[in-house]
Amino acid sequence: MLPSGEGWAFAPSSVQSVRRLPTEKEIHKENRLTPNLPDYKKAYKGFQWEAVRTELGLVPPVNLASKAVDQHASSWRRNKVALYWEGAEGQNCKYTFYELKNESNRIGNMLLNLGVRRGDRVFVFLPRIPELYTSVIGIAKIGAVAGPMFSAFGPEALRDRLLDSGAKVLITHTSLRERIHRVWDELPELRHVIVVGASTSGGHMPLRKGEVSFEREVEKSSRGLEVEDMDLEDPLYILYTSGTTGKPKGVVHVHHDMLSHYITSRWVLDLKEEDVYWCTADPGWVTGTVYGIWGPWLNGCSQVTFEGRFDAEHWYSIIERYGVTVWYTAPTALRMLMKAGPEVVKKYNLKSLRYILSVGEPLNPEVIRWGMEVFGLCIHDTWWQTETGAIMIANYPSMPVRPGSMGKPFPGTEAAIIDGKGNKLPPGSSGILALKPGWPSMMRALWGDEKRYKEYFTIPGWYTTGDTAHMDKEGYFWFIGRADDVIMTAGHRVGPFEVESALVEHRAVAEAGVIGKPDPERGEIIKAFIVLRHGHKPSRELEEEIKEFIRHRLSAHAYPREIQFMDGIPKTRSGKIMRRLLKARELGLPEGDLSTLED
Ligand code: PRX
């Protein structure tokens, strides 16, 4: 399956002209499907959003959730499987588009009965169970704003998001509700906590004070729902993401996003009617919401979702048992599969796979090479952000992949490498990765924070991404790094400030500085430098205690895997932690300009 060695030049990213890799079509000969986007150049040149609007049949007022589910439920796709669900314990079930419509309608009615109205924020804090998916759709159908949250979040992360958004209702699960009870007192606007899995008549998981039973309320609710007609600019969902400073920001997306969701799923994910698609991301992160809910269902595609955590054998067996054809995952997961070794992969028949994509961090050429060997497919990297709301730069099935490159801008999107004044830089120059504002899924606001929203647009004419990159002569973009201190760990974006704030709440911690430290498996791991309070001494036990503290309080993905105790943290004269210097010292790099360092 692997083409002969010669063509496989895995050149460093700075090399302008690498020998081309075969296209998908050339590699996977027995699976000759014409890509949905057969000619990238032509599509880019002639692209018009108006044509996508027509193709999707977008006539406002309209509701994205209804377009993604109800339109299929009243078409020949009515009995097509929309969702194949597999639980952490191996249990499974299916939902057709018709069932998905009914279930989400009942949830919509449940929320209306509880007083939720258009524009209210309803947050969802659930494991990846079917109720997560039906709830997000039900919320959107009544014109409320959905706020999916990752199930690993601790009380502090929950409080920040619910407080900032002024959420009126939270839908959670018995296994997670304890965390919300710990902060509910601090959330004056949170009126109802709806719990999945609590028994109404005693039992071993009875409802607790103030809670509402999801099952009982849904049972009482009708399957007939008048879906709210929305203006395209009305909010659809909010996802919180991290920056360098301050608490997480609530990125607001609107119903108009559907144009980007639909067409990127068609052209980048290459979804076709007969595909069985698996996105491994949790809807608490943007990939899991956009490409694990909206995009594929707008295309009427069957999706697989797995509740459990990463496990190489289980993941391969999901591909085999469900016959997954298109798979969207992350470099960390791919690296972990690679580490699990060739013996594991050989046990499974993975021939159903025809297309693999990756997002979230740089995709190492080494991983692409491994993918070729074990799947006979070239893994396609994609680049985007919570703020962009859809894939912006990608490798397309009809275009040769340059391993290590994120690919080319999506049609209808202008990406450029610019300097601080907004001038476009020539090919090969490193600079700020920027996009021309105006694509349909661009974030519309940061919830309640116009000042921080405007910071993305300080260079006239551009949306700045916070990433640095360069472009080669043929227009391929190559990721260099973050321009700020944001940490990307195992594909998750973590703000150092959030971790530092949580750390100093520990009884022994006086000060903390947090950086991302390169890690072969996770991209980066979180490393914390800590100054202890008077009376506390560094020890292994204390280190473990602090790690556990963050894991429970903030989130399992945000705890520092490495801790170093110090006598002092380098700061600027104005008292800002110099993370740049902490990082340079950690990695043995030049310390750079130290003129602002306090004495
Ligand atoms: O730094 C880039 C990195 O992830 C950031 C966006 O994070 P988030 O909003 O959490 O969204 C992640 C998934 C959509 C970017 O600013 N990133 C994303 N994709 C890539 C990437 N870095 C390198 N290569 C990528 N393909």
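Reading the values: the criteria
- Sequence order sets the numbering: in each chain, residues are counted from 1 along the sequence as written.
- Only residues with pLDDT of at least 70 are given local features in this predicted model, and only at 80 or more are side-chain atom pairs given and counted; all residues enter the totals for whole chains, interfaces and linings.
- Hydrogens and water are ignored here; the side-chain numbers use all heavy atoms of the structure.
- Where helices and strands are cited, they refer to DSSP runs of H or I of at least four residues and of E of at least two residues respectively, numbered from the N terminus.
- The contact criterion used is simple: two residues touch if any of their non-hydrogen atoms lie within 4.5 Å.
- Only protein atoms enter the 1 Å grid used here, on which a cavity is any set of points holding a 1.4 Å probe that cannot leave and a pocket is any open set flanked by protein within 12 Å on both sides along at least five of seven lines; residues with an atom within 4 Å of a point are listed as lining.
- Grid points are joined across faces, edges and corners, and a volume is the space filled by probe spheres set on the points.
- Here the term charged refers only to Asp, Glu, Lys and Arg, the term nonpolar to Ala, Val, Leu, Ile, Met, Phe, Trp, Tyr, Cys and Pro, and the term polar to all other amino acids, Gly among them.
- Note: two strands are recorded as paired if DSSP finds a minimum of 2 bridges between them.
- Throughout, the edges of the domains are those of an automatic or database domain assignment.
- Defined here as a combined quantity, buried area equals the accessible surface (1.4 Å probe) lost by two parts on assembly, summed across both.
- For this document, the term salt bridge refers to a Lys or Arg side-chain nitrogen within 4 Å of an Asp or Glu carboxyl oxygen.
- Exposure categories follow from relative accessible area, calculated using a 1.4 Å probe and restricted to protein chains: below 20% of the type maximum is buried, above 50% is exposed, and the middle band is partly exposed.
- Think of it this way: a Phe, Tyr or Trp ring, Trp meaning its six-membered ring, pairs with another when their centres are within 6.5 Å, and the plane angle makes it stacked under 30 degrees, edge-to-face over 60, tilted otherwise.
- Definition of a polar contact: a pair of N or O atoms within 3.5 Å, with one able to donate and the other able to accept a hydrogen when the atoms are protein atoms, and with sequence-neighbouring residues admitted only if both atoms are side-chain atoms.
- Axis definition: a line fit to C-alpha positions, over the contact stretch in the case of helices; interaxial angles, taken between N-to-C directions, run 0 to 180 degrees.

This part covers the side chain of R177. Mapped onto the fold, R177 is located in helix 8 (residues 177-181). Once residues within four sequence positions are removed from consideration, R177 is found in contact with T172, V195, A198, M205, P206, L207, R208 and E211.

Here we come to the layout of surface pockets. In this structure, the second largest pocket spans a volume of roughly 650 Å³. In terms of lining, the second largest pocket is formed by 27 residues, of which the most central are T244, T245, K249, E455 and D484. Broken down by secondary-structure element, the contributors of at least two residues to the lining of the second largest pocket are strand 20 (463-471) and helix 17 (496-503). Ranked by residues supplied to the lining of the second largest pocket, first place goes to strand 20 with four residues. Its residues placed into classes, the lining of the second largest pocket shows six nonpolar, nine polar and 12 charged.

This part covers the sheet that holds strand 12 (residues 326-329). Reading across the sheet, the nine strands line up as 2-1-11-10-12-13-14-15-16 and stay open at both edges, with mixed pairing between neighbours. The open sheet has two free edges, formed respectively by strand 2 (92-96) and strand 16 (408-409), since each of these has just one partner strand. Of the strand pairs in this sheet, strand 12 and strand 13 (residues 355-359) are connected by four bridges, and their pairing is parallel. Considered in strand 13, the bridge of Y328 is made with L357.

What follows concerns the domain arrangement of the protein. The domain boundaries assigned to the protein delineate domain 1 (97-255) and domain 2 (484-587). Relative to domain 2, the C-alpha centre of domain 1 lies at a distance of 31 Å. Taken together, the contact between domain 1 and domain 2 spans 16 residues of the former and 19 residues of the latter. Looking only at domain 1, the three residues that lose the most surface to domain 2 are E156, S242 and T244, adding up to 45% of its buried area. Run the count over domain 1 and domain 2 and you get one salt bridge.

The next thing to look at is the pattern of salt bridges. With the rule as written, the count across this model stands at 49 salt bridges. With its nearest N and O atoms 3.1 Å apart, the salt bridge here joins R159 to E186. With R159 in helix 7 (residues 155-165) and E186 in the loop between helix 8 and strand 6 (192-196), the pair connects residues that are 27 residues apart, well separated along the chain. Linking K547 and E544 is a salt bridge whose minimum nitrogen-to-oxygen distance equals 3.7 Å. In this pair, K547 and E544 both sit in helix 18 (residues 540-553), three residues apart, roughly one turn of the helix. With relative accessibility at 40%, the residue E544 sits in the partly exposed group. Look at the salt bridges and you will find they share partners, linking R159, D160, E186 and K247 into a network.

A few words now on the packing of aromatic side chains. Aromatic ring pairs are reported here in terms of the distance separating the ring centres and the angle at which the planes meet. Tallied over the full model, the rule gives 26 aromatic pairs. With centroids separated by 5.8 Å and ring planes inclined at 40 degrees, the aromatic side chains of Y40 and Y44 adopt a geometry described as tilted. Here Y40 pairs with Y44, and both are found in helix 2 (residues 40-46), just four residues apart, close to one helical turn. Here the aromatic rings of W370 and F375 are separated by 5.3 Å at their centres, their planes lie at 80 degrees, and the arrangement is edge-to-face. The class of W370 is buried, set by a relative accessible area of 10%. A relative accessible area of 8% places F375 in the buried class. Chaining the aromatic ring pairs together yields one cluster made of Y40, Y44, F47, W49, W267, Y396 and F410.

Within the fold, N105 resides in helix 5 (residues 97-113). Expressed as a C-alpha distance, the spacing of N105 and I525, which sit 420 residues apart in the sequence, is 42 Å. In this structure N105 touches K141, S222, R223 and L225, once residues within four positions along its chain are discounted. In this structure the side chain of N105 is engaged in a polar contact, spanning 2.8 Å, whose partner is the backbone oxygen of R223.

Judged by pairing direction, the sheet is antiparallel, and its four strands sit side by side in the order 17-18-20-21 without closing on themselves. Single-partner strands in this sheet number two, and they are strand 17 (415-418) and strand 21 (477-482). On average, each strand axis in the sheet is inclined to that of its neighbour by 50 degrees, with strand direction left out of account. The sheet contact formed by strand 20 and strand 21 spans five bridges and is antiparallel. The residue of strand 21 that forms the bridge with D467 is R482.

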